[in-house]
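Residue-level structure breakdown
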Amino acid sequence: PMEAEAEARLLLQEAQESIEAARSYRRELEQRLRGLQQAREQIRESATLTRDVLEQHFNDLKGTLKKLLDERLMSLLQEVDAIEQESIKPLDECQKLIEHGVSTADDLLRDGESAVHGDVGQRNEKLCSFTKKALHIQLDSLPEVPSLVDVPCLSAQLDDCLLTILKNQIFSHGTVASRPPVQLEEFVEKPGGILVRWCKVDDDFIPQDYRLQYRKSTASHFEDVYVGSETEFIVLHIDPNVDYQFRVCARGDGRQEWSPWSVPQFGCTTLVPHEWTTGLEGYSLSSRRNIALRNDSQSRGVLYSKAPTYFCGQTLTFRQVLSGQLIETVGQPDRRDSLGVCVEQQNGYDSLQRDKAVCISTNGAVFVNGKEMTNQLPAVTSGSTVTFDMEVVQLGPCSNEGGNFKLRVTISSNNREVVFDWVLDQCCGSLYFGCSFSYPGWKVLVF
């Protein structure tokens with residue numbers, strides 16, 4: 001009985017496992033069915049949209065072509081009318097002159113016949129008057145009538161090769177692509193932004209420029225966010241936990257028209273945007289509080305982030321937003337100027353070159369806990385880029401009470417970088433960032 005009971009339990013367990021496997025198999029099949037349905041809908045929707053685009057385009061071409069042909073026909077008819085009127089006008093004037101001569105000749109004939117057949121007593125007087133009148137009219141002067149070869153003979157010259165050219169152009173006009181030459185590849189969350197990457201999927205397509213568009217899921221129209229030759233772009237001013245739809249297209253080398261759009265995809269970020277803290281005299285902030293401008297106030301101090309929003313594993317970037325430059329200065333640099341991160345906000349300092357902070361000075365010197373390193377980066381000047389990357393390397397036990405903690409820090413500036421270990425006496429899940437500038441003109445965007 002015990003063996004039978006064990007066998008029954010084993011059979012029951014195998015049956016339950018088979019049932020669970022069947023359920024999982026069914027879920028996978030249902031998911032694949034949904035995928036097939038989505039693929040079918042994409043094909044049908046894109047085919048419908050393509051038909052509409054083609055019909056609209058060719059209807060527009062028909063209307064435009066008819067309008068152009070009508071305008072050309074009207075122009076040629078007006079030219080015919082102008083030539084006809086210009087050529088007929090001297091003929092009409094000549095006709096009027098001849099008709100007047102005929103009328104004058106008729107009057108002269110009547111006068112002559114009356115003089116010849118009149119009374120004998122008055123004949124000589126009438127004949128003398130008639131002779132003088134005939135001499136005055138100059139009967140030997142006749143108007144000149146142009147010959148047919150000298151007057152215009154209008155005709156139309158129509159080259160039938162236009163139809164051949166149009167036929168060849170029309171038959172080669174437009175193409176139908178089964179898939180776009182570029183597609184979206186990856187979305188990487190950034191604080192208050194999304195790094196969008198795309199790639200070329202058509203080996204025969206040679207891209208010259210890319211065009212990235214996006215829209216909120218609730219919006220009806222896409223808007224351009226990037227046009228250029230790069231294959232990635234950080235889209236800023238993204239609201240956290242909100243879906244955005246993206247699409248990309250490309251322009252072939254030497255072409256003017258853009259390729260079809262990629263398949264739209266959704267992306268979002270769960271990371272809140274980096275913000276500078278408000279209220280510090282000496283710095284003016286943008287409306288989104290991610291741009292800080294050192295004004296001409298005499299007040300000095302460190303401008304910190306609103307909260308410790310920088311997490312290890314992320315890249316912290318400082319960028320200038322004007323003229324495509326990254327950091328721009330108008331005033332003089334100072335050896336106490338700095339950009340960096342710190343464990344906590346500490347008031348009373350005019351620089352991040354202090355304990356529990358790592359930073360880079362505008363002269364390129366790197367400071368760790370207030371001590372200058374031997375390695376140095378290029379000076380931070382107009383057009384520079386500064387990024388911070390950190391990863392955790394823990395030394396010994398770490399608890400709420402503290403412990404040895406090490407962060408591997410990489411600071412990059414102007415395509416050069418330094419890497420070092422930053423040892424702390426406490427665990428740090430997140431860090432503040434900050435900046436300090438002595439002279440006005442520095443304007444920094446952080447993300």
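Basis of the calculations
Residues numbered from 1 in each chain as written. Predicted model: local features only at pLDDT ≥ 70, side-chain atom pairs only at ≥ 80, totals over all residues. Heavy atoms only, no water. Helix = DSSP H or I, 4+ residues; strand = E, 2+ residues; numbered from the N terminus. Buried < 20%, exposed > 50% of the residue type's maximum accessible area, 1.4 Å probe, protein only. Contact = heavy atoms within 4.5 Å. UniProt positions renumbered as here; feature names shortened; annotations may be inferred. Pairing = 2+ DSSP bridges. Axes fitted to C-alpha atoms, helices over the stretch in contact; angles between N-to-C directions. Patch = residues over 30% accessible without salt bridge, like charges linked within 9 Å, V, L, I, M, F, W, Y side chains within 5 Å. Areas by Shrake-Rupley, 256 points an atom, 1.4 Å probe, with all protein chains shown as cover. Salt bridge = Lys/Arg side-chain N within 4 Å of Asp/Glu carboxyl O.

Topologically, Ser438 is positioned in the loop between β20 (430-436) and β21 (443-446). According to the relative accessible area criterion, Ser438 is buried, its value standing at 15%. Ignoring anything within four residues of it in the chain, the contact list for Ser438 reads Arg294, Arg300, Asp334 and Asp337.

It is worth spelling out the UniProt feature "domain: Fibronectin type-III" (unreviewed entry) in the protein chain at this point. Feature annotation in UniProt places "domain: Fibronectin type-III" (unreviewed entry) on residues 180-273, given in this structure's numbering. With 0% helix and 52% strand, the stretch residues 180-273 has end C-alpha atoms that lie 33 Å from each other.

If you walk across this open sheet you meet the 7 strands as β8-β9-β21-β12-β17-β18-β19, and the pairing is antiparallel. The sheet is open, and its two borders are formed by β8 (283-285) and β19 (416-424), each paired with just one other strand. Neighbouring strand axes in the sheet, compared pairwise and without regard to direction, differ in orientation by 20 degrees on average. As judged from the 3 bridges shared by β8 and strand β9 (residues 291-294), these two strands associate in the antiparallel manner. Residue pairing for β9: Tyr283 is matched across the bridge by Arg294.

Next up on the list: a nonpolar patch on the surface. Together, Leu54, Phe58, Leu61, Leu162, Leu163, Leu166, Ile170, Phe171 and Val176 make up an exposed nonpolar region whose accessible area comes to about 850 Å². Of all the elements in the fold, those that place two or more residues in the nonpolar patch are α1 (2-116) and α3 (161-171). It is α3 that provides the largest number of residues to the nonpolar patch, a total of 5 residues. Within the secondary structure layout, Val176 lies in the loop between α3 and β1 (182-190).

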